[in-house]
Amino acid sequence: SQLLIEDLHFDGVPVRIYLPREPSAGKRRGVIFFHGGCGIFGSIRCYERICRYITRKSDSVVVSVGYHLAPEHKYPAQILECLSATVHFLQTADSYGVDPARIIICGDSAGGTYTASTCQELVHRTDIPKIRAQVLIYPFLQSLNFNLPSHQKNASNALLSWDRTVHSILTYLNKDCSLKEPILAGSHVPESMNLKYRKWISPDLIPEVFKVGYKPPLPASFLPQVHEEVQELFEPRFSPLLAEDAVVCLLPDTCIITCEHDVLRDDGLLYRKRLEDNNVSVTWHHVQKGFH
């Protein structure tokens, strides 16, 4: 009864928009929400209660984006649809009573990936308003190293295990799932690439408090045929932690939420450091007893 809810299409992408019924004295804030689900499941409907809650509690207009799922809709369709819907909302915000200068993007898990990727894609756009902030809720941000402390500590967690993470990635990319074992071992990454990105992705960059009991794995043998099969893993739009500093330094204010019992915890920790090193304002919330 407090909200007006409509199903629309933004540039051909299904969205559900939530608008407070109570009149506002001025333009409201806007929230673009990308749901999680590894890009292969999840929907607007699954996140209905969450989006209603955000709308009511923040008195904002929320746009939940129903991007089409893989593998039927091949990568990078999901990211491109999130980008298209975002640009459409930025261009039409006034018609929904939203201040285009006060729009944030928010997402959980794969939705956090799409949030990070969309913000990176938009940093050089001068024809639309700038994103005010991004909120990344236990995001997936890199595919180079699956042997960070959080991968080791939370390898057997029920909802998102170490094994299931890479299995989901391969399903999302419509790849042969027999590639899972060499990727988990790190055989998909040449030494030159490991050396190049060690400054951004390494256990050495994780705070000591999160490395209790961590045992560095033995180096894996590089397998060129595996590397060639999974080139998508090394694209910044798939692994936003690989974006260059020239992009990262232009990103909007950021809120990162990590959970202690989450295999993806260290992705968030590494991105936090990366953003702070590039003088981006970061608010970090860590849920000590939280899980993915």
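Just so it is clear, the structure is predicted and the values come from calculations on it, not from any experiment.

Quick notes on the UniProt feature "domain: Alpha/beta hydrolase fold-3" (unreviewed entry) in the protein chain
Taking the numbering used here, the UniProt-annotated feature "domain: Alpha/beta hydrolase fold-3" (unreviewed entry) corresponds to residues 31-173 and 232-292. For residues 31-173, the helix share is 39%, the strand share is 17%, and the end-to-end C-alpha distance is 28 Å. Taken as a whole, residues 232-292 contains 28% helix and 31% strand, while its terminal C-alpha atoms sit 24 Å from one another.

Some words on the side chain of serine 64
By secondary structure assignment, the location of serine 64 is in strand E4 (residues 61-65). Owing to a relative accessible area of 0%, serine 64 belongs among the buried residues under this scheme. Leave out the neighbours within four places in its chain, and serine 64 touches Pro14, Val15, Arg16, Tyr18, Phe33, Ile44 and Cys51.

Quick word on helix H3 (residues 110-122)
Between its first and last C-alpha, H3 extends 18 Å over 13 residues, near the 18 Å set by a 1.5 Å rise per residue. Of all 13 residues in H3, 12 are buried; the element is thus mostly enclosed. Buried within H3 we find Ala110, Gly111, Gly112, Thr113, Tyr114, Thr115, Ala116, Ser117, Thr118, Cys119, Gln120 and Leu122.

Quick word on the pairing of strand E1 (residues 3-10)
Here E1 runs beside strand E2 (residues 13-20); their pairing, made up of eight bridges, is antiparallel. Note that in E2 the partner of leucine 8 across the bridge is valine 15. Connecting E1 to the next strand, E2, in antiparallel fashion are two residues, including aspartate 11 with a positive phi near 55°.

Observations regarding the pairing of strand E3 (residues 28-34)
E3 sits mainly inside the fold: six of its seven residues count as buried. Where E3 and strand E5 (residues 98-108) come together, six bridges link them in parallel fashion. Paired with glycine 30 across the two strands is isoleucine 103, which belongs to E5. Across five bridges, the pairing between E3 and E4 is parallel.

Focus: the sheet that holds strand E8 (residues 282-291)
On the basis of which strands lie adjacent, the open sheet formed by eight strands has the order E1-E2-E4-E3-E5-E6-E7-E8 and mixed pairing. The open sheet has two edge strands, E1 and E8, and neither has a second partner. Sheet twist, expressed as the average angle between the axes of neighbouring strands with direction ignored, equals 20°. Packing against the sheet, helix H1 (residues 48-58) makes contact with E1, E2, E3 and E4, and its axis sits at approximately 40° to E2.

Concerning the packing of aromatic side chains
Evaluation of the coordinates by the stated rule reveals 11 aromatic pairs. Centroid distance tyrosine 75 to tyrosine 172: 5.9 Å. Interplanar angle 70°. Geometry classified as edge-to-face. Of the two residues, tyrosine 75 sits in the loop between E4 and helix H2 (77-92) while tyrosine 172 sits in helix H5 (residues 162-172), which places them 97 residues apart along the sequence. Residues tyrosine 75 and tyrosine 172 agree in their burial class; the two are buried. Following the ring pairs from residue to residue traces out a cluster consisting of Tyr75, Phe140, Tyr172 and Phe238.

Quick look at the nonpolar core
Grouped together as the largest cluster of nonpolar side chains are 74 residues, with contacts concentrated most on Phe89, Ile183 and Tyr271. Residue-level mapping places this core at the junction of two domains, with at least three residues from each of domain 1 (3-142 + 236-291) and domain 2 (149-234). Residues Ile44, Tyr47, Cys106 and Ile137 belong to the second largest nonpolar core, which totals 13 residues.

Some remarks on the state of the cysteines
Applying the stated criterion to the full structure yields zero disulfides. For cysteine 51, which is in no disulfide, the shortest distance to another cysteine sulfur is to cysteine 106 and amounts to 8.4 Å. Cysteine 51 gets classed as buried once you look at its relative accessible area, which sits at 0%. Cysteine 106 provides the cysteine sulfur closest to cysteine 119, a residue in no disulfide bond, and the two sulfurs are 11 Å apart.

A few points about the domain arrangement of the protein chain
Per the domain assignment, the segments making up the protein chain are domain 1 (3-142 + 236-291) and domain 2 (149-234). The centre of domain 1, based on its C-alpha atoms, is set 25 Å off from the matching centre of domain 2. Taken residue by residue, the interface counts 32 residues in domain 1 and 28 residues in domain 2. Of the roughly 2,800 Å² buried at the junction of domain 1 and domain 2 (both faces included), carbon and sulfur atoms supply 66%. Taken as a group, Phe238, Leu242 and Val263 account for 24% of the area that domain 1 buries against domain 2, more than any other trio of residues on that side. The salt bridge partner of lysine 153 is glutamate 260, with a shortest N-O separation of 2.3 Å.

Describing H1
Three or more residues of H1 are buried, namely Glu48, Cys51 and Thr55. The buried residues of H1 occupy one face: seen down the axis, they fall within an arc of 75°. For H1, the exposed residues lying more than 90 degrees away from the buried face are Arg49 and Lys57. Residues of H1 that are buried sit in contact with E1, E2, E3 and E4. Where H1 ends, the next residue or the one after it, aspartate 59, has phi of about 50°, a positive value.

Conventions and cut-offs
Residues numbered from 1 in each chain as written. Predicted model: local features only at pLDDT ≥ 70, side-chain atom pairs only at ≥ 80, totals over all residues. Heavy atoms only, no water. UniProt positions renumbered as here; feature names shortened; annotations may be inferred. Helix = DSSP H or I, 4+ residues; strand = E, 2+ residues; numbered from the N terminus. Buried < 20%, exposed > 50% of the residue type's maximum accessible area, 1.4 Å probe, protein only. Contact = heavy atoms within 4.5 Å. Expected span 1.5 Å × (residues − 1). Pairing = 2+ DSSP bridges. Axes fitted to C-alpha atoms, helices over the stretch in contact; angles between N-to-C directions. Phe/Tyr/Trp six-rings, centres within 6.5 Å; stacked < 30°, edge-to-face > 60°. Core = buried A, V, L, I, M, F, W, Y, C linked by side-chain atoms within 4.5 Å. Domains from an automatic or database assignment. Disulfide = S-S within 2.5 Å. Buried area = accessible area lost by both parts, 1.4 Å probe. Salt bridge = Lys/Arg side-chain N within 4 Å of Asp/Glu carboxyl O. Arc of directions from axis to C-beta.

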